[in-house]
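# Breakdown of the fold
Below are the chains, spelled out letter by letter.
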2 protein chains.
Amino acid sequence: MLGAAGSVCLTRVVEGSLAARSGSDRRPTVDTVAALAGVSRQTVSNALRSPSLLAPDTLRRVLAAVDQLGYRPHSGARALRRQIPTDVVCRIPHVEDAVNASLYGAFVTGLAAALSAVGIGLRLVDADWGEHEVARYIDLYRRSEISAVVLSDPQAHDDRLTALRAAAVPVVLYGRPWAGSDVRWVDVDGAAGVAEAVRWCAERGHRRIAYLGWHEDDGVSRDRECGWRSALEELDLPWDGLAAHGLPDSVATGAGLAAMMLDRAAASTAFVCATDVLALGVLSVVRERGLRPGVDYAVIGFDDTPTAAALGLSSVRQPIRRVAESVADLVTAEIAGDDGEHRNRLIPASLVRRLT
Amino acid sequence: MLGAAGSVCLTRVVEGSLAARSGSDRRPTVDTVAALAGVSRQTVSNALRSPSLLAPDTLRRVLAAVDQLGYRPHSGARALRRQIPTDVVCRIPHVEDAVNASLYGAFVTGLAAALSAVGIGLRLVDADWGEHEVARYIDLYRRSEISAVVLSDPQAHDDRLTALRAAAVPVVLYGRPWAGSDVRWVDVDGAAGVAEAVRWCAERGHRRIAYLGWHEDDGVSRDRECGWRSALEELDLPWDGLAAHGLPDSVATGAGLAAMMLDRAAASTAFVCATDVLALGVLSVVRERGLRPGVDYAVIGFDDTPTAAALGLSSVRQPIRRVAESVADLVTAEIAGDDGEHRNRLIPASLVRRLT
DNA sequence: ATGAAAGCGCTAACAC
DNA sequence: GTGTTAGCGCTTTCAT
C-alpha cells in the first residue's frame, strides 16, 4: 500500500506538472524509446505499427525497450496525425419499467468487447432522447472524438436518424428502421422467436393460443405479433380475436389483458407475450384463479430477463452477444466505407423452455 | 433521406481522404474560424476557453463564425497540447445471476451524466475480472486515453487495486475497500437501510426477525448483517441464531434458508434479506406453505430491482443516481489532485415499502 | 532497412 | 485585448 508520498506522485502525473519531477519518470515518448534502443523514432513507430518492416534483431531490441519503459503511443497524438478517431459512441436507453435495463447493460458490454477486438473504443453518454441526444452525438463527431454512433431502439419516424444523416454522421442501428431507410442495422428476429413459442404451445396440446402485446402500431410488437399469427396459420389454429394490446408495458397491464381473455366464452389456454413483464401479469392472474401455469396454462414471455429465469417463466431470448458482435461488424464496415454487402442483419431469437 | 451520393460523402469524411473534396467542406480548424472572423487563431481559442478575455464585440464575431462553420476543437489535438486526457474508464461487471445487472446500467448512465457535466467522458470496457482488467486499464492510462479508473465492487484483498496503485493509476471505487486502504471510494450504507427494514418489521409487530445473507466473510453481506443486528439490539429483540447464510445468491438458496428457518421450533416471522433474489426464494416458500407475505410474514429484499417492484416486494433501495454523482465528484477531485477533504462518501440507502 | 523532415490542430507563454 | 511563436507526440513522405 502506498503512503502519502505515493499519493502525491500519482497526483502529479495527472496534473501534468511533470517539470517538477525528476527526468527519469516522465512519460516515455517515441524518442525515449528510440534513445534507449539506439534507433530513430520512426523505427520505433514501425516496430509497433508494422513490425514486418524491421530486421528481426532491431525489432527485438526496440520491443525490449518498449517493454522496459512501459511505453504506449499517445492516443491523442496518434489520432491527430492519422485524422481518424478510434471511438464510437452509444448510450444506454433509460427504460422506465426497467425490467429490460439489464438487456442493454449486456448489449453495451458485448459491444465494448467486440469493438475492442478491432481496436475501437466505446464511449458512453447519458442523453435524453431526441434533440439533446443528437446534438451530443454531432458535437462528439465534430470534435473528432467518435467516428460513428450506435443508435438503439429506433422509432418509426425517428428524427434522430434524420438529423444525424443530415450532419453526415455515420450511424448503425440496433433495431430496425421501421420506416424504410438505407442505414445499416442489426435486429433480433422476434417474429421467429414468437413463432417457435407458439409451436411449443401447440406441441403441448394448446389450441387457443393468445398474443399479448403493446400498442398496435409499434413496430416491435407488430413484428412479434406477425410471428404469432403466421405460426398459427401454419398450424391451422385460430387466431381471430386472440390478440390483445395494452400499455404501459407493466405487470398490471398483463394481468388486465389476461383476465379479459380468460373471462371470454372461448378462453385461451396459452399466452405468448411481447415482454416478460406482461407475462408476469398473466402468471399472477392464472395463479390467482387456481390454475396451474405450465400444466393447464402456457405462459411465454419475451427477453429472457433475469426475472423470467428466477421464476421459471419460459421466454424468448435475444442473443444479445451476437447482436453486439454484428453491430460491431457493421460499425467497422461503416467506418471503413465498405459499401454494399452486409448492410444489415437479422439475428434469430430462440425460446428458452422452462416451467410455464 | 440521403441517396448513394450522400453515403459516399459520408464515407469520405470518416476515411479522412479529405483531399479529394472541395475545400469548403473540409473540417473547419481554428484557422478557418480565425480567417472568417478576421482575428488570430489564439483569439478563437480564447473565445471558447475563456471568453472573458475578449472584447464583447470580438467575442460575438468569433462565436458567430464558430456557429456558422459548426466548428469544434479537435479533442485529440487539445489533449495532446494540454497533456491531460479528459476521459475516465469503467466497466459493467458481469453479474452472472444478473438480477442486479440493471443496477450497474443505471450506475454507468448516471456516471456518464455526472461526468459530462464537468467535461469528462466515460469510456466503457469489457474486461474479465482480474489481471486482464487491470492490464487494460493500465494500457489506457499509458496511452493517455484516461486519467482515472472507476472500479466497481472491490473485494477484500483486491489485487486489481494493488496493481493499479503500483502503476500509479488514479482510482475511485464504487464500494468500500474492505481491507483498509486510502483510496477514494463511494458506497451505499447498506447497514442503515437494513436497520430501517428491521424497524419497519418490528413496527408491524414482528418479534423474530431473521437475516438472510450470503457468505459470512463477504464485506457487503457482513455490513448489512451488522445493520440488522444493531437494529435488533436497539429494539431489544433477539438475534441469536436468526442469521443464516448461503451461496450462490439465488432463488433456490433463499428458499432453502427460509425453509430451514421456518422449520425451527421458534420460527421467525420476518426475513430481511441481503438481496432481492434471496427474498424471492423466501417469498416462494412462504406462499407454498399457505402463509400470507405482508400479513403473517414480512419479507424484505435489497436493491429494489425491477423484479421487486413488479412483485410488490419491499426492498432497500440504493440511491444509485446519487452514488454516481458522488463518484463523479471524487473522480474530479482525484484528477485535480485536491488532497485531503472528501476522500469518501457513504450514501444512505432507504427502504421502499411495498406489500411484503 | 533505417533516418530526417514536416506538420496534424491545438493552446501556453510571451510580446505588443 | 490581441497577435506571434513554439511545440505537444506521433506518423507520413521522402531520402538514404
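Definitions and cut-offs
- Residues numbered from 1 in each chain as written.
- Chains lettered and ligands numbered in written order.
- Predicted model: local features only at pLDDT ≥ 70, side-chain atom pairs only at ≥ 80, totals over all residues.
- Near = placed C-beta within 6 Å.
- Helix = DSSP H or I, 4+ residues; strand = E, 2+ residues; numbered from the N terminus.
- Nonpolar A, V, L, I, M, F, W, Y, C, P; charged D, E, K, R; others polar.
- Pairing = 2+ DSSP bridges.
- Axes fitted to C-alpha atoms, helices over the stretch in contact; angles between N-to-C directions.
- Contact = placed C-beta atoms within 7 Å.
- Domains from an automatic or database assignment.
- Expected span 1.5 Å × (residues − 1).
- Buried ≥ 20, exposed ≤ 12 C-beta atoms within 10 Å, placed from the backbone.
- Core = buried A, V, L, I, M, F, W, Y, C linked by C-beta atoms within 7 Å.
- Parallel < 35°, antiparallel > 145°, perpendicular 65-115°, else oblique.
- Left-handed = near helix turned anticlockwise from the far one by under 90°.

## Side note on the protein's contact with DNA strand C
The immediate surroundings of DNA strand C are formed by 24 residues, with Ser40 and Thr58 of chain A together with Thr29, Val30 and Ala77 of chain B found nearest. Contributions of two or more residues to the surface near DNA strand C are made by helix H3 (41-49) and helix H5 (75-82) of chain A together with helix H3 (41-49) and helix H5 (75-82) of chain B. No other element matches H5 of chain B, which puts five residues into the surface near DNA strand C. Partitioning the surface near DNA strand C into residue classes produces nine nonpolar, eight polar and seven charged.

## Some words on the sheet that holds strand S8 (residues 270-273) of chain B
Neighbouring strands of a sheet are bound in pairs by backbone hydrogen bonds; such pairs are parallel or else antiparallel. All names here are of chain B. On the basis of which strands lie adjacent, the open sheet formed by six strands has the order S7-S6-S8-S9-S10-S12 and mixed pairing. A single partner strand is all that each edge strand has here, and the edge strands are strand S7 (243-245) and strand S12 (350-352). On average, each strand axis in the sheet is inclined to that of its neighbour by 20 degrees, with strand direction left out of account. Two strands pair when backbone bridges link them, and strand S9 (residues 298-302) and strand S10 (residues 314-317) are joined in this way by three bridges, in the parallel orientation. Counted as the bridge partner of Phe302 is Val316 from S10. Its contacts with the sheet put helix H9 (residues 190-203) on strand S6 (209-213), S8, S9, S10 and S12, and the angle it makes with S12 is roughly 45 degrees. Relative to S6, helix H10 (residues 219-235) is tilted by about 175 degrees, and along the sheet it contacts S6, S7, S8 and S9.

## Remarks on the domain arrangement of chain A
Residue and element names in this part refer to chain A. Along its sequence, chain A is organised into domain 1 (30-71), domain 2 (86-188 + 320-347) and domain 3 (190-317). For domain 2 and domain 3, the distance between their C-alpha centroids amounts to 30 Å. Classifying every residue of the side of domain 2 that touches domain 3 gives five nonpolar, two polar and two charged.

## Some points on the protein's contact with DNA strand D
Every one of the 25 residues lining DNA strand D counts as a neighbour, but Thr29, Val30 and Ala77 of chain A together with Gln42 and Thr58 of chain B are closest to it. Of the residues that constitute the surface near DNA strand D, the class distribution is nine nonpolar, eight polar and eight charged.

## Quick word on H9 of chain B
Residue and element names in this part refer to chain B. Across its 14 residues, H9 extends 20 Å between first and last C-alpha, which sits within 8% of the 20 Å expected from 1.5 Å per residue. Counting buried residues along H9, 10 of its 14 residues qualify, which places the element largely inside the surrounding structure. Every buried residue belonging to H9 is among Gly190, Ala191, Ala192, Gly193, Val194, Ala195, Glu196, Ala197, Val198 and Cys201, and all of these are buried. Taken from the residues just after H9, Gly205 is the one with a positive phi, measuring 95 degrees.

## A few points about the environment of Arg123 of chain B
Within the secondary structure layout, Arg123 of chain B lies in strand S2 (residues 121-125). Sequence separation of Arg123 of chain B and Glu216 of chain B is 93 residues, and the distance between their C-alpha atoms is 35 Å. Discounting chain neighbours no more than four positions away, the residues touching Arg123 of chain B are Gly121, Leu122 and Arg123 of chain A together with Asp87, Val89, Glu145 and Ile146 of chain B.

## Overview of the nonpolar core
Leu111 and Val272 of chain A together with Leu111 and Val272 of chain B are the most contacted members of the largest nonpolar core, which has 188 residues in total. Excluding residues within four positions of it along the chain, Leu111 of chain B makes contact with Cys90, Leu122, Val150, Ala324, Val327 and Ala328 of chain B.

## Examining the packing of helix H7 (residues 131-142) of chain A against helix H8 (residues 159-166) of chain A
Residue and element names in this part refer to chain A. It is at 9 Å that the axes of H7 and H8 come closest, and there the two elements cross at 25 degrees. The orientation of H7 relative to H8 falls into the category roughly parallel. Every pair of crossing elements has a handedness; the one defined by H7 and H8 is right-handed. Of H8, the residues touching H7 (which contributes Glu133, Val134 and Tyr137) are Arg160, Ala163 and Leu164. Here the contact of H7 with H8 is built from residues that sort into four nonpolar, no polar and two charged.

## Examining the packing of helix H2 (residues 30-37) of chain B against H3 of chain B
Pairs of packed helices are described in terms of their axes, by the angle between the two and the distance that separates them. Residues and elements named next belong to chain B. Where H2 contacts H3, the two axes come as close as 8 Å, and the packing angle between them is 100 degrees. With respect to each other, H2 and H3 are oriented roughly perpendicular. Only Arg41, Thr43, Val44 and Ser45 of H3 make contact with H2, whose side of the interface consists of Val30, Asp31, Val33, Ala34 and Ala37. Classifying every residue of the contact of H2 with H3 gives five nonpolar, two polar and two charged.

## Description of the sheet that holds strand S9 (residues 298-302) of chain A
All names here are of chain A. Taken together, the six strands give an open sheet; going across it, the order is S7-S6-S8-S9-S10-S12, and neighbouring strands pair in mixed fashion. Either end of the sheet is taken by a strand with one partner, and the two such strands are strand S7 (243-245) and strand S12 (350-352). Each strand axis lies, on average, 20 degrees off the axis of its neighbour in the sheet, ignoring direction. Across the sheet, helix H9 (residues 190-203) lies against strand S6 (209-213), strand S8 (270-273), S9, strand S10 (314-317) and S12, angled at about 45 degrees from S12, the strand it touches most. Each of S6, S7, S8 and S9 touches helix H10 (residues 219-235); the most contacted strand, S6, lies at about 175 degrees to it.

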